[in-house]
Amino acid sequence: MALFVAGNLLSAVASGYPVMLLGRVVAALCHGSFFGIGSLVARRMVPAERASRAVAVMFAGLTLANVLGVPFGALVGERWGWRATFWAITAIGVIAMIAIAALVPGWAGAVDRAHPSTASGLNGLRVQLRAFRSLQVWLTLAATALGYGGMFGAFSYIAYTFTRITGFSSADVAWLLVVYGSGLLIGNMAGGRAADGNRDRTLIVSLAALAVTLTAFGLLASSPVASVVLVFLLGLFGFAGVPGMITRVTDYANGVPLAASANVSASNVGNALGAWLGGLAISAGLGYTAPLYVGAAIVLAGLAVMTISARRAPSRASDIGDVGLSGRERRG
């Protein structure tokens, strides 16, 4: 959070584009670690059978930011200028830093209470890197990158789809993003609950539903009613798999923080890949529905990876959280 505050403060006082860009990079440095470690702390606070729901609650802050934070930032920027937005974010970051220091239990204590056998040497780099010997870890990271890539590859250009294809005005985009953010929030919470019941099935179903949604969106983008419904479903199915993906990769990685951060990093790799491929499709003259179809194709690749991973998983995969895998089959 200190990096987050420093990065946004640098953007608030930026005298030119290079300083602004540096501020964004500094703020981004904390992203993978913050959400990765935060998800581990959240799941250690509850019984194993509620792990995905705990992660979903933690990530609810991210989804609420899309519903409330984006319109708030836009409003502040329009009324008091863009610097005011970064000053507001900096102040919120300071409040969050104080709240974490006061309210969140120490990392070592949270691990010791839940997994005393893994607490010793957990922070050693060699111990953490050993988790990446597991094929299941890599398959889950790949599925995460492709799932995110498909959704955000389409979302990166959704404003143009709404205004150039559907016929909405640019002023309508703000409330349409709120609809999308509402889908994120509901999908995240529902996906966390479903993943605690049957994680792999939840991930497969959510990816399949996301691919169908993106394809339908491409076909029906000219319809305002259909577009509103489908952008909500885009958020819902796009985030329904997030809690399950995080608990899956950390279970197979024996709970090391580096794996949780890697999962968040994989999602950002997917974001960049999807946006790049969607942009190429538009540049090729395929129109502003092309990113939706490109996104569907990327998600289908993620669905294939997730299906293969589920088939290769140990027969008692639902119990992995009690022991964890680190490059070997679960024993016992």
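Fair warning: this is a prediction, and the values are worked out from it, not measured in the lab.

The rules we used
- Residues numbered from 1 in each chain as written.
- Predicted model: local features only at pLDDT ≥ 70, side-chain atom pairs only at ≥ 80, totals over all residues.
- Heavy atoms only, no water.
- Axes fitted to C-alpha atoms, helices over the stretch in contact; angles between N-to-C directions.
- Helix = DSSP H or I, 4+ residues; strand = E, 2+ residues; numbered from the N terminus.
- Left-handed = near helix turned anticlockwise from the far one by under 90°.
- Contact = heavy atoms within 4.5 Å.
- Core = buried A, V, L, I, M, F, W, Y, C linked by side-chain atoms within 4.5 Å.
- Buried < 20%, exposed > 50% of the residue type's maximum accessible area, 1.4 Å probe, protein only.
- Arc of directions from axis to C-beta.
- Phe/Tyr/Trp six-rings, centres within 6.5 Å; stacked < 30°, edge-to-face > 60°.
- Lys NZ or Arg CZ within 6 Å of the ring centre and 35° of its normal.
- Salt bridge = Lys/Arg side-chain N within 4 Å of Asp/Glu carboxyl O.
- Patch = residues over 30% accessible without salt bridge, like charges linked within 9 Å, V, L, I, M, F, W, Y side chains within 5 Å.
- Areas by Shrake-Rupley, 256 points an atom, 1.4 Å probe, with all protein chains shown as cover.

Caption draft 1: The packing of helix α14 (residues 242-252) against helix α15 (residues 257-283), seen in detail. Viewed as axis vectors pointing N to C, α14 and α15 meet at an angle of 140 degrees, and their least axial separation amounts to 9 Å. Two packed elements cross with a definite hand, and for α14 against α15 that hand is right-handed. Residues Met 245, Ile 246, Val 249 and Thr 250 of α14 form the contact with α15, whose own contacting residues are Ala 259, Ala 260 and Asn 263.

Caption draft 2: Spatial organisation of the nonpolar core. In this structure, Phe 59, Met 151, Tyr 180, Leu 214 and Phe 217 are the most contacted members of the largest nonpolar core, which totals 44 residues. When residues in this core are grouped by element, the largest group, 8 residues, is from helix α9 (residues 135-155).

Caption draft 3: Summary view of helix α10 (residues 158-166). For α10, the set of buried residues is Ile 158, Thr 161, Phe 162 and Thr 166. Buried residues of α10, seen end-on, are gathered within an arc of 95 degrees and therefore sit on one face of the element. As for α10, its buried residues are in contact with α9, α11 (173-197), α12 (199-220), α13 (224-240) and α16 (290-312). Once α10 ends, the next one or two residues include Gly 167, with phi positive near 100 degrees.

Caption draft 4: View of the packing of aromatic side chains. For the coordinates displayed, the defined rule picks out 12 aromatic pairs. Ring geometry for Tyr 148 against Phe 152: centres 5.8 Å apart, planes inclined by 10 degrees, an arrangement best described as stacked. Of this pair, Tyr 148 and Phe 152 are both found in helix α9, 4 residues apart, which corresponds to roughly one turn of the helix. We note that Tyr 148, like Phe 152, is buried. Residues Phe 152 and Phe 155 carry aromatic rings whose centres are separated by 6.0 Å and whose planes lie at 85 degrees to one another, so their mutual orientation is edge-to-face. With Phe 152 and Phe 155 both in helix α9 and 3 residues apart, this pair spans about one turn of that helix. Members of the aromatic cluster, connected to one another through ring pairs, are Tyr 148, Phe 152, Phe 155, Tyr 180 and Phe 239. One Lys or Arg, Arg 79, reaches over the ring of Trp 80 and ends 5.8 Å from the middle of that ring.

Caption draft 5: Expanded view of the pattern of salt bridges. Summed over all chains, the structure comprises 4 salt bridges. Its salt-bridge partner being Arg 53, residue Asp 196 comes within 2.9 Å of it at the nearest N-O pair. Linking Asp 196 in helix α11 with Arg 53 in helix α4 (residues 51-80), this pair joins segments that are 143 residues apart in sequence. Asp 251 is paired through a salt bridge with Arg 199; the nearest N and O atoms lie 2.9 Å apart. Here Arg 199 lies in helix α12 and Asp 251 lies in helix α14, a separation of 52 residues in the sequence. Of the two residues, Asp 251 and Arg 199, both sit in the buried class. Through salt bridges with shared partners, a single ionic network connects Arg 43, Arg 199 and Asp 251.

Caption draft 6: Highlighting a nonpolar patch on the surface. Together, Leu 3, Tyr 17, Leu 21, Val 25 and Leu 29 give the surface a local cluster of nonpolar side chains, amounting to about 510 Å² of exposed area. Sorting elements by how many residues they give to the nonpolar patch places helix α2 (residues 17-28) first, with 3 residues. Mapped onto the elements, Tyr 17 comes out in helix α2. Classification of Tyr 17 as exposed rests on a relative accessible area of 61%.

Caption draft 7: Highlighting the environment of Val 76. Structurally, the position occupied by Val 76 is in helix α4. Taking relative accessible area as the criterion, Val 76 reaches 7% and is therefore assigned buried. Ignoring anything within four residues of it in the chain, the contact list for Val 76 reads Gly 81, Ala 84 and Thr 85.

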